[in-house]
Amino acid sequence: MKNSIDNVKKSYGRCLNTEDFIGQFYEVFLKSHPSVPEFFKDVDMANQKKLLRFGINYLILFANGDMAGKSAINRIASTHSKANMAIPPYLYQYWRTSLLKVIEKADYAFTPEIESDWNLVLEKGISYIIAHHDKV
Ligand code: HEM
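Quantities reported herein were computed from a predicted structural model and do not represent experimental measurements.

S.K.: What is the right way to look at the side chain of His132 in this model?
M.R.: With respect to the secondary-structure elements, His132 resides in the segment after helix 7 (112–131). Contact partners of His132, with chain neighbours within four places excluded, come to Ala77 and Ser81.

S.K.: Can you help me understand helix 6 (residues 91–106) in this one?
M.R.: It helps to recall that an α-helix has 3.6 residues per turn; residues three or four apart then point in one direction. The end-to-end C-alpha distance of helix 6 is 23 Å, a good match for the 22 Å that 16 residues give at a rise of 1.5 Å each. Those residues of helix 6 not exposed but buried are Leu91, Tyr92, Trp95, Arg96, Ser98, Leu99, Leu100, Val102, Ile103 and Ala106. Looking at the buried residues of helix 6, the elements they touch are helix 1 (2–16), helix 2 (21–32), helix 3 (36–39), helix 4 (45–63), helix 5 (67–80) and helix 7.

S.K.: Just to check I follow, could you spell out the coordination of the iron atom of the ligand for this structure?
M.R.: Each pair of donors in an ideal octahedron of six around a metal sits at 90 or 180 degrees, and each pair in an ideal tetrahedron of four sits at 109.5 degrees. Coordination of the iron atom of the ligand by the protein comes from a single atom, His80 (NE2), at 2.1 Å. Positionally, His80 belongs in helix 5.

S.K.: Teacher, can you tell me more about the environment of Asp66 here?
M.R.: Looking at the element boundaries, Asp66 is found in the loop between helix 4 and helix 5. Owing to a relative accessible area of 27%, Asp66 belongs among the partly exposed residues under this scheme. Distance from Asp66 to Phe25, taken between C-alpha atoms, is 25 Å for residues 41 residues apart in sequence.

S.K.: Please clarify how the environment of Thr97 should be interpreted in this entry.
M.R.: With respect to the element layout, Thr97 can be found in helix 6. Residue Thr97 is classed as partly exposed on the basis of its relative accessible area, which comes to 40%. C-alpha of Thr97 to C-alpha of Phe29: the two residues are 68 residues apart in sequence and 8.5 Å apart in space. For Thr97, the side chain forms a polar contact with the main-chain oxygen of Gln93, separated by 2.9 Å.

S.K.: Just checking my understanding: could you explain the layout of surface pockets for this structure?
M.R.: It is a probe the size of a water molecule, rolled over the atoms, that shows where empty space is left. Looking at the largest pocket, its volume works out to about 660 Å³. Together, 26 residues line the largest pocket, and Gln48, Leu52, Ile76, His80 and Met85 are the ones closest to its centre. When residues of the lining of the largest pocket are traced back to their parent elements, those giving at least two are helix 2, helix 3, helix 4, helix 5, helix 6 and helix 7. Among the elements that make up the lining of the largest pocket, the one with the highest residue count is helix 4 (eight residues). Here the lining of the largest pocket is composed, by residue class, of 21 nonpolar, four polar and one charged.

Thresholds applied
All residue numbers refer to positions counted from 1 along the written sequence of the respective chain. Note on the predicted model: pLDDT of at least 70 is required for a residue's local features to be given, and 80 or more for side-chain atom pairs to be given and counted; whole-chain, interface and lining totals, by contrast, use all residues. Water and hydrogen atoms were dropped before computing side-chain values, which therefore reflect all heavy atoms in the structure. Secondary structure elements are defined from DSSP: runs of H or I of at least 4 residues count as helices, runs of E of at least 2 residues count as strands, and each element is numbered from the N terminus. Every residue pair with non-hydrogen atoms within 4.5 Å of one another is taken to be in contact. Here, expected helix span is obtained from the residue count minus one, scaled by 1.5 Å. For each residue, the accessible area found with a 1.4 Å probe, counting protein chains only, is set against the maximum for its type, and the residue is called buried under 20%, exposed over 50%, and partly exposed in between. Donor selection uses N, O and S atoms within 2.8 Å of the metal (3.2 Å for Na, K and Ca). Since no water is included, sites may look incomplete. Distance and chemistry together define a polar contact, namely a pair of N or O atoms within 3.5 Å, with one atom able to donate a hydrogen and the other to accept it when in protein, and with adjacent residues in sequence counting only for side-chain atoms on both sides. A cavity, in this analysis, means grid points on a 1 Å lattice covering only the protein atoms where a 1.4 Å probe fits yet has no way out; a pocket is instead an open set bounded by protein on both sides within 12 Å along at least five of seven lines, and a residue lines either one if it has an atom within 4 Å of a point. Grid points are joined across faces, edges and corners, and a volume is the space filled by probe spheres set on the points. Only Asp, Glu, Lys and Arg are considered charged in this grouping, and only Ala, Val, Leu, Ile, Met, Phe, Trp, Tyr, Cys and Pro are considered nonpolar; every other residue, Gly among them, is considered polar.

Here you go:
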């Protein structure tokens, strides 16, 4: 896991060095499934882009067993849960594949190994958030 996390951290750094990486993610994600845009219709996207930049970092920290990562992912699980924004769990797979599409384009050193490292890291946080959908 440690190696995967190091690879993901470096890959994320390369991605963030490219022009409007998070903006590109939202462009792909909003088109990935017809249910996605309605959730963002009243959202300030400039602010949302800043928050997601941290959100991805929290997923990486969470996968690394970091306590600050765990508390941030608990908070995200709660805002996205059935009791709050009620994000349908099936949309997380669209979120993950959209992010991977954009990473593949943005990371000049992307390899199939880095792709599977990202999948490992993202799946950890996503399955945790989904498991808490009905509980928080
Ligand atoms: C693991 C995947 C995801 C992460 C890490 C993530 C992260 C975040 C973060 C950090 C925020 C800022 C506010 C907060 O802390 O709640 C947020 C807000 C939001 N997210 Fe997510 N999110 C994820 C998946 C999704 C999915 C699948 C959707 C589906 C449409 C979604 C829709 C939204 C919406 C609508 C907001 C609210 C914006 C607002 O009202 O200001 N998110 N997300």
